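Structural overview for review
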Amino acid sequence: MANRPRRLSVILHADLAGYVRLMEGGEDRTVDRLKTVRAEVWRPACETGGGSVVNIEGDSVLAEFGSALAAVATAIDIQERMASFNGMLEPDERLMFRIGLHLGEVIVDEETNGIFGDGVNLAARIQAMAEPGGIAVSRALRDIAEVRTEYDFVDGGEHWAKNVSRPLQIYHVRARAGSMRTTTTIVPQTILRFHGTDHAGKKYAFDVDLDRLMTRRAGLVIGRDVEQCDIVVAHSTVSRRHARLLFASGALQIEDLGSMNGTAVDGAPARRGVPRSIQTGARLTLGEVDLSIGGE
């Protein structure tokens, strides 16, 4: 029998903690939410990180990366975005994924593009040792990878795993104490309401579904061009693509996109391309349109 091709890869294996309990508590609700995070969190994050999703179904995800650094960064990105998504849910309904990462050799099925072998099996075992909502990595991966400055690799000790003949040394990826990741600058609301007037007293208003915003990596673009924007503010002083609303690092943010007449938060101008946090109750100015921000 011909040898199957092999390659060295970083394998990401993820599984949903408490899947049976979640399904028992609400099958349709859980399935719908899983479909949402697959489409709007997992696939976009893996693709942006340069990885490829090998298999994603039910409550599990298998992905492959050519770079250890990119794989760790993607895992962090996914868990941060899942934390934002879960912030809208009741505690007993949250989707808490465990993520395991391992650097190892995989066997490649050229017909299906599937990957198999010891490297995939070890990633699955390491995933089971991660905390719900957390990330665990192997010693092999930790030795060549780095994490963002607000995170650390924390020694998780040696563990014996089922059907693995040697102990596995694992490390947990955790936020450093006092990092910005633990700070929330806006109380999550289901709907954010923007309403106000221009200098002539004409009224303007629009609503933002915060749940949708949390799962949109590129954010929502505000401007006067219907075809280029997610949110339209039809005023002559508002640029075609004026600003971008984002939800990142647990905070609602606004980023000016090089508008002609500027963007400001509580009267302080926002610099082009530099997101700044905004809170409910703040005043957002787009050109000559002043908007107050409130929640439902």
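Structural data are supplied above this passage.
Residues numbered from 1 in each chain as written. Predicted model: local features only at pLDDT ≥ 70, side-chain atom pairs only at ≥ 80, totals over all residues. Heavy atoms only, no water.

On to the overall build of the chain. Broken down by element type, the chain carries 6 helices and 19 strands. For the chain, the spread of C-alpha atoms along the principal axes amounts to about 75 × 40 × 35 Å. For the chain, the residues scored as buried account for 47% of the 296 residues in total. Of all intrachain contacts in the chain linking residues separated by at least 6 positions in sequence, the fraction that spans at least 24 positions is 58%. Entry remark: accessible area of the chain is about 14,900 Å², with carbon and sulfur atoms responsible for 46%. Between the centroid of the 35 positive side chains of the chain and the centroid of its 40 negative side chains there is a distance of 3 Å. (Helix = DSSP H or I, 4+ residues; strand = E, 2+ residues; numbered from the N terminus. Buried < 20%, exposed > 50% of the residue type's maximum accessible area, 1.4 Å probe, protein only. Contact = heavy atoms within 4.5 Å. Areas by Shrake-Rupley, 256 points an atom, 1.4 Å probe, with all protein chains shown as cover. Lys, Arg positive; Asp, Glu negative; His and termini not counted. Charge placed at Lys NZ, Arg CZ, Asp CG, Glu CD.)

Before going further, it helps to spend a moment on unusual backbone geometry. For Asp266, which is not a glycine, the phi torsion comes out positive at approximately 50°. Note that Asp266 resides in the loop between strand S15 (263–265) and strand S16 (268–269).

Pairing of strand S1 (residues 6–16) with strand S4 (residues 97–109), which is carried by 11 bridges, proceeds in the antiparallel orientation. Residue pairing for S4: Asp15 is matched across the bridge by Arg98. Note that S1 and strand S3 (residues 60–65) share 6 bridges and pair antiparallel. In the sheet register, Leu12 faces S3, and the bridge partner there is Ala63. (Pairing = 2+ DSSP bridges.)

Turning to the packing of aromatic side chains, a few remarks are in order. In total, this model carries 2 aromatic pairs according to the counting rule given. The side chain of Arg142 reaches across the aromatic face of Tyr171, ending 5.0 Å from its centre. (Phe/Tyr/Trp six-rings, centres within 6.5 Å; stacked < 30°, edge-to-face > 60°. Lys NZ or Arg CZ within 6 Å of the ring centre and 35° of its normal.)

What follows deals with the environment of His172. Note that His172 resides in strand S8 (residues 168–175). You can call His172 buried: its relative accessible area is 9%. Considering only alpha carbons, one finds His172 and Ser138, 34 residues apart in sequence, at a separation of 9.1 Å. Excluding its chain neighbours within four sequence positions, the residues that come into contact with His172 are Met129, Ala130, Ile135, Ala136, Asp152, Phe153, Val154 and Gly156.

Turning our attention to the sheet that holds strand S11 (residues 220–223). Pairing is mixed across the open sheet formed by 5 strands, whose spatial order is S12-S11-S13-S14-S17. Both outer strands of the open sheet, strand S12 (231–232) and strand S17 (276–277), are each paired with one neighbouring strand and no more. With 2 bridges connecting them, strand S14 (residues 251–256) and S17 associate as antiparallel partners. Bridge pairing links Gln253 to Ser277 in S17.

The next thing to look at is the nonpolar core. Counting residues in each nonpolar core, the largest one holds 37 residues, and the members touching the most others are Trp42 and Leu101. Within the residue set of this core, elements represented by two or more residues are S1, helix H2 (27–48), S3, helix H3 (68–86), S4, strand S6 (135–138), strand S7 (151–159) and S8. With 8 residues, the top contributor of residues to this core is H3. If you look at the next biggest cluster of nonpolar residues, it comprises 26 residues, including Tyr204, Ile222, Val265 and Ile293. (Core = buried A, V, L, I, M, F, W, Y, C linked by side-chain atoms within 4.5 Å.)

What follows is about the packing of H2 against H3. One way to put it is that H2 packs onto H3 with a least axis distance of 10 Å and a crossing angle of 150°. The angle between H2 and H3 places the two elements in the roughly antiparallel class. Once H2 is placed against H3, the crossing between them reads as right-handed. Contacts between H2 and H3 pair Arg33, Thr36, Val37, Glu40, Val41, Trp42, Ala45 and Cys46 from the former with Thr74, Asp77, Ile78, Arg81, Met82 and Phe85 from the latter. Residues of the contact of H2 with H3, tallied by class, amount to 8 nonpolar, 2 polar and 4 charged. (Axes fitted to C-alpha atoms, helices over the stretch in contact; angles between N-to-C directions. Parallel < 35°, antiparallel > 145°, perpendicular 65-115°, else oblique. Left-handed = near helix turned anticlockwise from the far one by under 90°. Nonpolar A, V, L, I, M, F, W, Y, C, P; charged D, E, K, R; others polar.)

It is worth spelling out the environment of Leu192 at this point. By secondary structure assignment, the location of Leu192 is in strand S9 (residues 191–198). When the C-alpha positions of Leu192 and Ile293 are compared, they lie 6.8 Å apart, and in sequence the two are 101 residues distant.

The subject of this paragraph is the pairing of S14. Buried residues dominate S14, accounting for 6 of its 6 residues. Burial along S14 is two-sided: Ala251, Gln253 and Glu255 facing one way and Leu252, Ile254 and Asp256 facing the other are all buried. By the bridge criterion, 6 bridges tie strand S13 (residues 243–248) to S14 in an arrangement that is antiparallel. Its bridge partner being in S14, Phe247 is matched across the sheet by Leu252.

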